[in-house]
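# Report on the structure
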Amino acid sequence: MTVTLGAMRATDRETFMNLVKVGVGPGCLALPYAFAKAGTLMAPLTLILMSLMVYRNMRLIIEIKEHLKQANPTQQFTTYGDISREILGSRSGQVVDYLLISMQLGICTVYCRFIPTNLHATFTSISQDHWLMLIVPFLTMLTWIRHMKQLAVFSKFANVATIVTIFVIVVFAGSNIAEKGGVAEGLPEVTLASAPVFFGTAIYSFEGCGAVPSIHDSMQEPKGWAGVLGQAGVVIFICFIFTGQLCYLSYGAITSGSITAELAHRSDNPVIGLCNLMMAAAVGLTYPIQAYPAIEVFERKLNIRGDSEDTPDPSQMFNQRTQQTIFRTLLVLFTAMVAAMVDHLGLIVSLFGSVNGSLIALVLPPWLDMQLSRNTTAEHYAVNVLTLAFGLIGGAAGTYVAIGHILRGEEAVHPE
């Protein structure tokens with residue numbers, strides 16, 4: 001029986017779902033903390049600007065990809081690294097690959113702080129550091145799983161858990177405003193001093209941008225890409241703005257990088273407690289999915305990557321798998337050690353968002369477009385420059401402020 005290529009590729013609907021899945025992740029739960037750092041007016045306006053820039057960049061990176069494909073029909077451009085190598089050269093392509101890897105490791109580090117933060121909010125008798133030590137063996141064993149397809153069930157659970165949790169916290173926030181007869185009092189419209197923390201945390205929420213070229217490559221009908229991306233972008237933006245703005249207006253000062261942990265500290269409602277634990281489990285189960293791209297690259301570099309058919313000798317296969325197990329264990333320990341150095345989830349999210357997220361989502365697409373020297377208008381070039389400047393300045397400011405807060409030992413303080 002023959003199977004056509006189209007049958008193995010994603011329909012427009014499946015592509016839409018894939019974009020929403022990678023777009024709405026645990027980073028969305030840090031947005032209320034981000035909004036509390038920028039104010040009721042500045043936060044939503046900046047998020048709108050940021051979302052428009054990211055949406056344009058996601059369209060732009062696919063335009064660049066298609067331009068390169070027309071010039072080189074036999075080549076595949078399925079990742080940022082492939083595109084960068086063709087435009088900037090092999091060394092620059094490797095730099096972009098490692099940038100993407102560092103982004104994945106940053107997400108893993110955030111997960112190592114997210115899980116203890118949520119668990120401690122429900123089981124307060126156990127400290128976050130103790131929870132971190134308890135979950136490390138669990139995360140380590142998950143990374144020992146050899147193939148990505150074996151992790152698919154974990155991904156489905158995480159997607160359902162995230163959607164349910166966002167729905168629950170938005171409903172609770174809206175109900176809280178209705179019960180009080182208004183929003184929280186004394187909320188500033190603009191807070192410039194901590195706005196860079198907002199930038200880093202908000203741009204981290206666009207953590208799925210790195211997957212856009214491969215999602216586009218999987219489409220049956222790439223001509224419908226712009227429409228599908230626009231529809232998915234609207235859904236993702238609605239999730240972001242409702243989660244961030246509504247929770248901030250409802251609860252006021254938010255000091256935790258996880259809104260479920262924040263609400264668990266404020267209330268003993270069993271539904272909130274369940275969502276809090278559900279998100280901790282979802283994030284833990286998807287840790288290996290985030291780690292896998294980095295694992296694959298590093299294992300190939302270390303020459304310990306291979307399957308049983310590549311290494312028929314049982315002793316050689318045993319040695320290879322032993323080396324893989326040791327390496328993956330050390331990788332988990334590394335991310336856990338970095339997470340242990342920062343007690344505040346919101347700040348570690350802001351730091352990795354400022355360092356990696358800004359480069360992938362805001363800086364790299366316009367930079368590649370400018371280096372490609374396509375025939376574009378002056379307006380197109382000007383928008384590229386403005387987006388590039390926004391990403392670089394915001395990323396630098398966010399990194400500086402987040403590191404400053406971390407070095408001063410800022411911790412989340414929850415209202416009684």
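This section reports on the structure supplied with the text.

The rules behind the values
- Residues numbered from 1 in each chain as written.
- Predicted model: local features only at pLDDT ≥ 70, side-chain atom pairs only at ≥ 80, totals over all residues.
- Heavy atoms only, no water.
- Salt bridge = Lys/Arg side-chain N within 4 Å of Asp/Glu carboxyl O.
- Helix = DSSP H or I, 4+ residues; strand = E, 2+ residues; numbered from the N terminus.
- Buried < 20%, exposed > 50% of the residue type's maximum accessible area, 1.4 Å probe, protein only.
- Core = buried A, V, L, I, M, F, W, Y, C linked by side-chain atoms within 4.5 Å.
- Contact = heavy atoms within 4.5 Å.
- Disulfide = S-S within 2.5 Å.

### What about the pattern of salt bridges?
Note that side chains of opposite charge can pair when their charged atoms are close. Summed over the entire model, instances satisfying the criterion amount to eight salt bridges. We note a salt bridge from Arg 85 to Asp 97, for which the minimum N-O separation is 2.7 Å. With Arg 85 in helix H4 (residues 80-88) and Asp 97 in helix H5 (residues 90-122), this residue pair connects regions lying 12 residues apart in the sequence. Overall, the relative accessible area of 29% leaves Arg 85 in the partly exposed class. With a closest N to O distance of 2.8 Å, Glu 299 and Arg 328 form a salt bridge. Placement of the pair is Glu 299 in helix H12 (residues 270-301) and Arg 328 in helix H13 (residues 314-340), with a sequence separation of 29 residues. Just as Glu 299 is buried, Arg 328 falls in that class too. Each of Lys 65, Glu 66 and Asp 217 takes part in a single network of salt bridges with overlapping partners.

### A few points about the nonpolar core
Formed by 118 residues in total, the largest nonpolar core has its most connected members in Val 54 and Ile 64. Considering each element in turn, this core owes the most residues, 15 residues, to H5. Ignoring anything within four residues of it in the chain, the contact list for Val 54 reads Ile 203, Phe 206, Cys 209, Ala 361 and Leu 362. The next biggest cluster of nonpolar side chains, apart from the first, holds five residues, and it includes Leu 151, Phe 154, Leu 285 and Ile 289.

### Some points on the state of the cysteines
Under the defined criterion, the tally for this structure stands at zero disulfides. For Cys 28, which is in no disulfide, the shortest distance to another cysteine sulfur is to Cys 239 and amounts to 6.1 Å. Assessed through its relative accessible area of 1%, Cys 28 is described here as buried. Counting only cysteine sulfurs, Cys 28 is the nearest neighbor of Cys 209, a cysteine outside any disulfide, at a range of 14 Å. Using a relative accessible area of 6% as the deciding quantity, one classes Cys 209 as buried.

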